[in-house]
Amino acid sequence: MAARRGEDIVSEFLTQNPHLVSWVESLRGHCETNKQWHARREFVLRNMEAFPTIQPGSPSSSLDRLLSLSMVWANHVFLGCRYPQPVMAKINEMAEGITVIEAPERKTRDEIMGKLKRPTVSADADYQGKKTKPNEPDDKAHSKSVGRPATSSLKCGPPPGAPAEHQPFFNRLYKAVAWKLVSAGGFGPNLEHFEILRSCVESCKASLSCVFVPLKDIPDLPAGRTQREGQVCELRCCTVYIGTGYGRDESAARAMASKEALKVFQGQKVTVKISRRRFRGRDVDDLVLLDEQTRSQAFPPALSCPFQEDQ
């Protein structure tokens, strides 16, 4: 069975289970190509047995988790995204047996910097390359040496075209949130903010990503903050940062993060941009969702950064 193409296996499975056809097709993302969807569909169907509480056609936390893991795996395979090691190990285990034909080839940072394989140079040539005059300019010396590019010339972060690629999706999500809030009587403090945000995201064929970190473990808090107990939640959608919230536990932190995220949708439009944020003590480029208002303060410290390989 493993020797056959994944599409043939999936086709045979759906032929034997026709009641799943329309349901599984409803899980497809609006921007997914046929190739990306066929691979992610196989990932979902192969791993359904590991989530026995999933009932096709009924929303559940188990389904949300499976779909989130499938999106993480697809982002890794087709977009080259990197995630924390436990997450990478989990999705690689779940994807065992799935073959993606002509999958994009990605180079690691070490390969780019030449750490994995250095060119073979004879002893004489290596000596000539290192021998420079005391007053020779650095740029001339660099042109003669055989080595790797400077680290400062390499930059990890979202590609320049990422905001334009994500903008159409968030335009649709903006409309979905607007209609949902109208039906709920408008934005307010007593709404189920997470459920509203989640349902809108799912209606756009995507899923939310939640990262939780104990408040005491965050190194970039303001120096004057004395409160160290509780949880902090960061919300992302399609790798784009949309909100952070604090609470006494994970549920409260997630609700507050969802409330902050929904505030972004209260303006005339939302825009995906590349902005600088603090992540583990250093500044990194991140994809963030903004409204049209001018920000007067920095973003909260990032709890995750999908564009950094060394998380």
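Fair warning: this is a prediction, and the values are worked out from it, not measured in the lab.

Q: Just give me the short version of the overall build of the chain, but keep the residues and values in it.
A: When helices and strands are counted, the chain shows 11 helices and 5 strands. Pairs at least 24 apart in sequence give 57% of the contacts found in the chain among residues at least 6 apart. Within the structure as shown, the chain displays about 18600 Å² of accessible surface, and the carbon and sulfur contribution to it stands at 51%.

Q: If you had to explain the packing of helix H10 (residues 193–203) against helix H11 (residues 250–264) to someone new, which residues and values would you point to?
A: Where H10 contacts H11, the axes come no closer than 8 Å and their chain directions differ by 60°. When the interaxial angle is binned, H10 and H11 end up oblique. For the crossing formed where H10 meets H11, the hand is left-handed. Taking contact as the criterion, the partners of His193, Phe194, Ile196 and Leu197 in H10 are, on H11, Arg254, Ala255, Ser258, Lys259, Ala261 and Leu262. Considering only residue class, the contact of H10 with H11 consists of 6 nonpolar, 2 polar and 2 charged.

Q: Break down the packing of aromatic side chains for me, with residues and values.
A: When we look at a pair of aromatic rings, we describe it by the centre distance and by the angle of the planes. What the rule picks out here adds up to 4 aromatic pairs. A centroid spacing of 5.1 Å and a plane angle of 20° characterise the contact between Phe43 and Trp73, whose relative ring orientation is stacked. Of this pair, Phe43 sits in helix H3 (residues 34–47) while Trp73 sits in helix H4 (residues 61–79); the two residues are 30 residues apart in sequence, bridging distant segments of the chain. For the pair Phe169 and Phe170, a centre-to-centre distance of 5.0 Å together with 85° between the ring planes defines the contact as edge-to-face. There is no split in this pair, since Phe169 and Phe170 are both buried. Positioned above the aromatic ring of Phe194 is the side chain of Arg254, whose terminal nitrogen or guanidinium carbon lies 4.0 Å from the ring centre. Geometry around Tyr241 places Arg277 over its ring, the cationic atom sitting 3.7 Å from the centre.

Q: Help me get a handle on the packing of H3 against H4, residues and values and all.
A: In the contact formed by H3 and H4, the axes pass within 10 Å of each other and the chain directions differ by 140°. Taken together, H3 and H4 sit at an angle that is classed as oblique. You can see that H3 and H4 cross each other, and the crossing is right-handed. Only Leu66, Leu67, Leu69, Ser70, Met71, Trp73, Ala74 and Phe78 of H4 make contact with H3, whose side of the interface consists of Lys35, Gln36, Ala39, Arg40, Phe43, Val44 and Asn47. Taken together, the residues of the contact of H3 with H4 sort by class into 10 nonpolar, 3 polar and 2 charged.

Q: Run through unusual backbone geometry, naming residues and quoting values.
A: Positive phi, normally seen in glycine, also occurs at Lys205, with a value near 65°. The topology assignment puts Lys205 in the loop between H10 and strand S1 (208–214). For Lys205, a relative accessible area of 33% gives the class partly exposed. Its identity is not glycine, yet Thr239 carries a phi of approximately 70°, on the positive side. Structurally, the position occupied by Thr239 is in the loop between strand S2 (231–237) and strand S3 (240–247).

Q: I'd like a rundown of the confidence of the model for the chain, residues and numbers included.
A: Averaged over the chain, the pLDDT score is 79; the fraction of residues at 70 or greater is 76%. Contacts of residues 115–154 to residues separated by more than four positions or lying in other chains number 21 contacts, the stretch itself having pLDDT below 50.

Q: Mind laying out the pairing of S2, listing which residues take part and the relevant values?
A: On a regular strand, one side chain projects to one face of the sheet and the next to the other, so that they alternate. Across the 7 residues that make up S2, a large majority, 7, are buried. Residues Gln231, Cys233, Leu235 and Cys237 of S2 are buried on one face, and the alternating residues Val232, Glu234 and Arg236, pointing to the opposite face, are buried as well. Across 7 bridges, S1 lies against S2 in antiparallel orientation. When the sheet's bridge partners are listed, Cys210 is paired in S2 with Leu235. Where S2 and S3 come together, 7 bridges link them in antiparallel fashion. What sits directly across from Leu235, in S3, is Gly243. The turn joining S2 and S3, which pair antiparallel and follow one another in sequence, is formed by 2 residues; a positive phi near 55° is taken by Cys238.

Q: Please set out the nonpolar core residue by residue, giving values where relevant.
A: Core analysis: the biggest nonpolar cluster contains 37 residues, and Phe170, Leu173, Leu197, Cys237, Ile242 and Leu289 have the highest contact counts within it. Going through the elements one at a time, helix H9 (162–183), H10, S2, S3, H11, strand S4 (271–279) and strand S5 (282–290) are the ones with two or more residues in this core. Among the elements that take part in this core, H9 stands out by supplying 8 residues, more than any other. When residues no more than four places from it in sequence are discounted, the contact partners of Ile242 are Phe170, Leu197, Leu208, Leu235, Arg236, Cys237, Ala261, Val264 and Leu289.

Reading guide: rules and limits
- Residues numbered from 1 in each chain as written.
- Predicted model: local features only at pLDDT ≥ 70, side-chain atom pairs only at ≥ 80, totals over all residues.
- Heavy atoms only, no water.
- Helix = DSSP H or I, 4+ residues; strand = E, 2+ residues; numbered from the N terminus.
- Contact = heavy atoms within 4.5 Å.
- Areas by Shrake-Rupley, 256 points an atom, 1.4 Å probe, with all protein chains shown as cover.
- Axes fitted to C-alpha atoms, helices over the stretch in contact; angles between N-to-C directions.
- Parallel < 35°, antiparallel > 145°, perpendicular 65-115°, else oblique.
- Left-handed = near helix turned anticlockwise from the far one by under 90°.
- Nonpolar A, V, L, I, M, F, W, Y, C, P; charged D, E, K, R; others polar.
- Phe/Tyr/Trp six-rings, centres within 6.5 Å; stacked < 30°, edge-to-face > 60°.
- Buried < 20%, exposed > 50% of the residue type's maximum accessible area, 1.4 Å probe, protein only.
- Lys NZ or Arg CZ within 6 Å of the ring centre and 35° of its normal.
- pLDDT = per-residue confidence, 0-100.
- Pairing = 2+ DSSP bridges.
- Core = buried A, V, L, I, M, F, W, Y, C linked by side-chain atoms within 4.5 Å.

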